[in-house]
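Descriptive structure summary
Residues per chain, in single letters:
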Amino acid sequence: TKIWHFCHVMPTSQIGERCNIGQNVYIDNNTVIGNGVKIQNNVSVYNSVVVEDDVFLGPSMVFTNVTNPRSFIERKSEYQATYIRKGASIGANATIVCGVEIGVYALIGAGAVVIRDVPAFALVVGNPAQQVGWISKTGVRLSFDANGTAICLEENTRYFLRNGKVEQAD
């Protein structure tokens, strides 16, 4: 794991192997960073955030950990857990409001404001973030046929859309 200039890593945080943590990053206590995670410059990973393996956190993206902060009220007992599942990518300047779960291999567009859970393989953009499609494990936009099947030509893998959820074929 490489940690660049001007970073603060708090003592009860956990950071995996093969990570790249850009400059001016803050990693709070009670956070978990998996293996192979890339955290770009100017990101703060606050208390109660769990980032699984192979996640990408874009430059200056933001996490929150309290829904109604006030400077004169301590609300540390109200922190809400946020989960970024394996392989997800979050674009530059996106905001992830606390208490949500970003599904495996989901892609959050630059500047999006995520206020609710994002399904696995979903592509979301905007403020508030809205789903505009599906994305493969390698980041290729998926187009499903009438039978709910899509093929990612980059990885030559089939995906199935069933009951509003995408699954990668074995």
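Whatever comes next refers back to the structure up there.
Scope of this entry: the structure provided in the associated data block.

The rules behind these values
Residues numbered from 1 in each chain as written. Predicted model: local features only at pLDDT ≥ 70, side-chain atom pairs only at ≥ 80, totals over all residues. Heavy atoms only, no water. Helix = DSSP H or I, 4+ residues; strand = E, 2+ residues; numbered from the N terminus. Rg over C-alpha atoms; globule rule 2.2 N^0.38 Å. Contact = heavy atoms within 4.5 Å. Areas by Shrake-Rupley, 256 points an atom, 1.4 Å probe, with all protein chains shown as cover. Lys, Arg positive; Asp, Glu negative; His and termini not counted. Charge placed at Lys NZ, Arg CZ, Asp CG, Glu CD. Buried < 20%, exposed > 50% of the residue type's maximum accessible area, 1.4 Å probe, protein only. Pairing = 2+ DSSP bridges.

The helix and strand inventory of the chain stands at zero helices and 23 strands. Here the C-alpha radius of gyration of the chain, 17 Å, is about what a compact globule of 170 residues would show, namely 15 Å. Residue pairs in contact within the chain that sit at least 24 positions apart in sequence constitute 16% of those at least 6 positions apart. Counting only carbon and sulfur atoms, one obtains 47% of the accessible surface of the chain, whose full area is about 9200 Å². Mean positive and mean negative side-chain charge positions of the chain (14 and 14 charges, respectively) differ by 3 Å.

Moving on, we get to the pairing of strand S21 (residues 149-152). Two faces belong to every sheet, and in a regular strand the side chains alternate between them. In S21, alternate side chains face the same way, and those of Ala 150 and Cys 152 are buried while those of Thr 149 and Ile 151 on the opposite face are not. Relative to strand S22 (residues 157-162), S21 is paired through four bridges, and the arrangement is antiparallel. When the sheet's bridge partners are listed, Thr 149 is paired in S22 with Phe 160. Joining the antiparallel neighbours S21 and S22 is a turn of four residues, in which Asn 156 adopts a positive phi near 55°.

What follows is about the sheet that holds strand S4 (residues 20-21). In space, the nine strands of this open sheet follow the order S1-S4-S7-S10-S13-S16-S18-S19-S20, with mixed pairing throughout. The open sheet has two edge strands with one neighbour each: strand S1 (2-3) and strand S20 (141-142). For strand S7 (residues 38-39) and strand S10 (residues 56-57), the ladder comprises two bridges, and the chain directions are parallel. Each residue of the ladder has a partner; that of Lys 38, found in S10, is Phe 56.

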